[in-house]
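# Commentary on secondary and tertiary structure
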Amino acid sequence: MTDSYSRLINTPLGKRAAKALGLPHPVPLRRYEPGVEDLPGREVLVLGGEGADPLAARLLSQGRSVHRHPEPRTAYAAVIADFSAAAEPGDLQETALALGHALKGMAAHGRIVVLGRPASPQDAPGTAAARAGVVGLMRSVAHEVRRGATCNALLLEDGVEPGSDDAAAPLRFLLSTRSAYVNGQPLTVRPGGAATDPDRPLAGKTAVVTGAARGIGAAIVRRLSADGARVLLVDVPAAGEALTNVANEVGGVALQLDITAEDAGRRIAEAASARLGPIDVLVHNAGITRDKLLANMDEARWASVIAVNVSSQLAMNRQLLDSGALGPAPRFVSLASTSGIAGNRGQSNYAASKAGIIGMVAAEAERFARAGGTVNAVAPGFIETEMTRAMPAVTREVARRLNSLQQGGVPDDVAQAVGFLASDAAAGISGQTLRVCGQSMVGA
Ligand code: NAI
């Protein structure tokens, strides 16, 4: 487990105390290990009308034991509830109540994925209400499930059907141990997702990671490398030694560079072309905090956070898209933060920069589509890092428990989401921000 309270509460005495006193009881999450089964069992329940039949057939062909109705005394490893045909709020009831029935027997660490359609102002009002309602239902189920189970949603754009290849690739991520700390989140899916090797989804890809010398950046480097990518690692000259160590660990190439340099994008393009070849994946991870209440904020704190966290990315994206150094389907992933969604006392500069990232990826999606690629963000919640270890003990303990999984995430949880968005499985996902926060109440 990630922290001492969690270790204590998972002893026999701790479990009894948690039950008697109603204390939080975080369970150790079942995380990705190569070669280990995605789901904690074979029993899979597919709920919904005829439209879900092809999905059930697909899961059956993968060796799952597939059910179409909840059955007594069955511990489901996964439940997929298809609401994609809902046209009125009244249409949700049958599948929602069947899902409720199935939850009683849900296996520990099980996965629930709700399928819907994105609501749009062009929809008839009743249809929009039904579609938006599916997200509310999903978020509530995510709060209700226990024992390491999660519930997330795939919102399928017109033309993407529940049993299609386009839906299957992102579905696989949400059903897998790679998404252990993703909970209560919707992802909109367009056509394009492709099956990838479950243990080497980035085989043959070239990736660049900024802020790679330590923390979440180093975890992303290790993940992308383990998943098959060759990596160019970027960090400031002052972090040169740590950068070289991480680069040597994964057989990557180190580039000492301050990303706020005017020509940072061009220098990354040159280094990649000289040492590795066309860039398939770029992870804008480097980021800084310079916290102060806005009333006490000075120009240097404000300007440096905006420059490193967002302006540098805008400039690098422009230069890289113009450089000719990108592969045929470039996938860019930026690190945002739940502070950019909820705001945070003392972080007006940081929250402005991270909310800026969320706006930036939404607005860049079309440009990246023209280049054959995608651009997304990952917004981590409370992650166990040097940064969060430095928080005052009580604030840290409260922050850790303020999510449905009642624990902090680990850097690899963030890296897994980045790896997914960097892979061809996520080719139908662009312009979006995926939260990796255990369904944090902050900004929920
Ligand atoms: P960290 O401070 O441990 O590492 C950041 C890295 O970026 C360092 O190696 C640093 O040298 C590098 N860097 C900073 N300025 C740079 C520049 N101008 N040029 C090149 N490299 C530069 O941070 P951590 O915790 O690993 O965070 C990584 C990312 O995740 C950041 O964007 C952060 O805002 C975001 N994040 C982190 C959370 C957490 O819980 N740790 C929560 C939410 C978001």
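Here the structure is a predicted model, which is why all the values come from computation and not from measurement. (Residues numbered from 1 in each chain as written. Predicted model: local features only at pLDDT ≥ 70, side-chain atom pairs only at ≥ 80, totals over all residues. Heavy atoms only, no water.)

Per the counting criterion, the structure on display carries 0 disulfides. Left without a disulfide partner, Cys437 is nearest to the cysteine sulfur of Cys151, which lies 14 Å away. Taking relative accessible area as the criterion, Cys437 reaches 1% and is therefore assigned buried. (Disulfide = S-S within 2.5 Å. Buried < 20%, exposed > 50% of the residue type's maximum accessible area, 1.4 Å probe, protein only.)

As a structural note, the neighbourhood of the ligand is formed by 26 residues, with Arg214, Ile216, Asp235, Asn285 and Tyr350 the closest of them. Between the ligand and the protein, one listed contact pairs an oxygen atom with a side-chain N or O atom of Asp235 at 2.6 Å. At 2.7 Å, a backbone N or O of Asn285 approaches an oxygen atom of the ligand. For the ligand, the protein covers 91% of the area, taking 830 Å² as the surface of the free molecule. Sorting the residues of the shell around the ligand by element identifies α7 (215-226), α12 (348-370) and α13 (386-389) as the ones contributing at least two each. (Near = heavy atom within 4 Å. Polar contact = N/O pair within 3.5 Å; in protein donor to acceptor, adjacent residues only side chain to side chain. Areas by Shrake-Rupley, 256 points an atom, 1.4 Å probe, with all protein chains shown as cover. Helix = DSSP H or I, 4+ residues; strand = E, 2+ residues; numbered from the N terminus.)

Often the size quoted for an interface is simply the accessible area lost on bringing the parts together. When the domains of the protein are assigned, the result is domain 1 (21-189) and domain 2 (206-436). Centre-to-centre, using C-alpha coordinates, domain 1 lies 29 Å away from domain 2. Listed as interface residues are 24 residues of domain 1 and, on the opposing side, 24 residues of domain 2. Interface area, domain 1 with domain 2, both sides summed: about 2100 Å², of which 58% is carbon and sulfur. Among the residues of domain 1 in contact with domain 2, Arg178, Tyr181 and Leu187 are the three that bury the most area, contributing 32% of the side total. Where domain 1 touches domain 2, the interface holds 2 salt bridges. (Domains from an automatic or database assignment. Contact = heavy atoms within 4.5 Å. Buried area = accessible area lost by both parts, 1.4 Å probe. Salt bridge = Lys/Arg side-chain N within 4 Å of Asp/Glu carboxyl O.)

Overall, parallel pairing links the 7 strands, which are arranged β9-β8-β7-β10-β11-β12-β13 in an open sheet. Each edge of the sheet is formed by a strand with only one pairing partner; in this case those strands are β9 (253-256) and β13 (433-436). Shown here is a sheet whose adjacent strand axes are inclined to one another by a mean of 20 degrees, direction ignored. One ladder, built from 4 bridges, connects strand β8 (residues 230-235) with β9; its direction is parallel. Note that in β9 the partner of Leu232 across the bridge is Val253. Packed onto the sheet, α12 meets β11 (326-335), β12 (374-380) and β13 and runs at close to 160 degrees relative to β12. Helix α15 (residues 411-422) contacts β10 (279-284), β11, β12 and β13 of the sheet and is inclined by roughly 170 degrees relative to β12. (Pairing = 2+ DSSP bridges. Axes fitted to C-alpha atoms, helices over the stretch in contact; angles between N-to-C directions.)

Further remarks concern the packing of helix α6 (residues 165-175) against α15. In helix packing, the relevant descriptors are the interaxial angle and the interaxial distance, both defined with respect to the helix axes. Here α6 crosses α15 at 170 degrees, and the two axes come no closer than 11 Å. It follows from the interaxial angle that α6 and α15 lie roughly antiparallel. In this structure, α6 uses Ala169, Pro170 and Phe173 to contact α15, whose residues at the interface are Gln416, Ala417 and Phe420. Class assignment of the residues belonging to the contact of α6 with α15 gives a composition of 5 nonpolar, 1 polar and no charged. (Parallel < 35°, antiparallel > 145°, perpendicular 65-115°, else oblique. Nonpolar A, V, L, I, M, F, W, Y, C, P; charged D, E, K, R; others polar.)

With that settled, the discussion passes to the sheet that holds strand β6 (residues 186-189). On the basis of which strands lie adjacent, the open sheet formed by 6 strands has the order β2-β1-β3-β4-β5-β6 and parallel pairing. The sheet is open, and its two borders are formed by β2 (65-67) and β6, each paired with just one other strand. Each neighbouring strand pair of the sheet contributes to a mean axis angle of 20 degrees, computed without reference to strand direction. Where strand β1 (residues 43-47) and β2 come together, 3 bridges link them in parallel fashion. Pairing of Glu43 across the sheet is with Ser65, part of β2. The strands touched by helix α4 (residues 93-103) are β1, β3 (78-82) and β4 (111-116); relative to β3, the strand with the most contacts, the crossing angle is about 175 degrees. With respect to the sheet, helix α5 (residues 125-144) is in contact with β4, β5 (150-156) and β6, its orientation differing from that of β5 by roughly 165 degrees.

Turning our attention to the pairing of β4. Across the 6 residues that make up β4, a large majority, 6, are buried. The alternating pattern of β4 places Arg111, Val113 and Leu115 and Ile112, Val114 and Gly116 on opposite faces, both of which are buried. As paired elements, β3 and β4 share 5 bridges and run parallel to each other. Along β4, the bridge assignment pairs Ala81 with Val114. The parallel pair β3 and β4 is bridged by α4, and the resulting crossover is right-handed. (Right-handed = clockwise from strand over helix to strand, strands pointing away.)

Right, let's get into the packing of aromatic side chains. If you walk through the whole model with that rule in mind, you get 2 aromatic pairs. Here the aromatic rings of Phe173 and Phe420 are separated by 4.2 Å at their centres, their planes lie at 0 degrees, and the arrangement is stacked. Of this pair, Phe173 sits in helix α6 while Phe420 sits in helix α15, and the two are 247 residues apart along the sequence. Taking relative accessible area as the criterion, Phe173 reaches 5% and is therefore assigned buried. Among the residues examined, Phe420 registers a relative accessible area of 6% and is labelled buried. Directly above the ring of Tyr32 sits Arg178, whose terminal nitrogen or CZ lies 3.9 Å from the centroid. (Phe/Tyr/Trp six-rings, centres within 6.5 Å; stacked < 30°, edge-to-face > 60°. Lys NZ or Arg CZ within 6 Å of the ring centre and 35° of its normal.)

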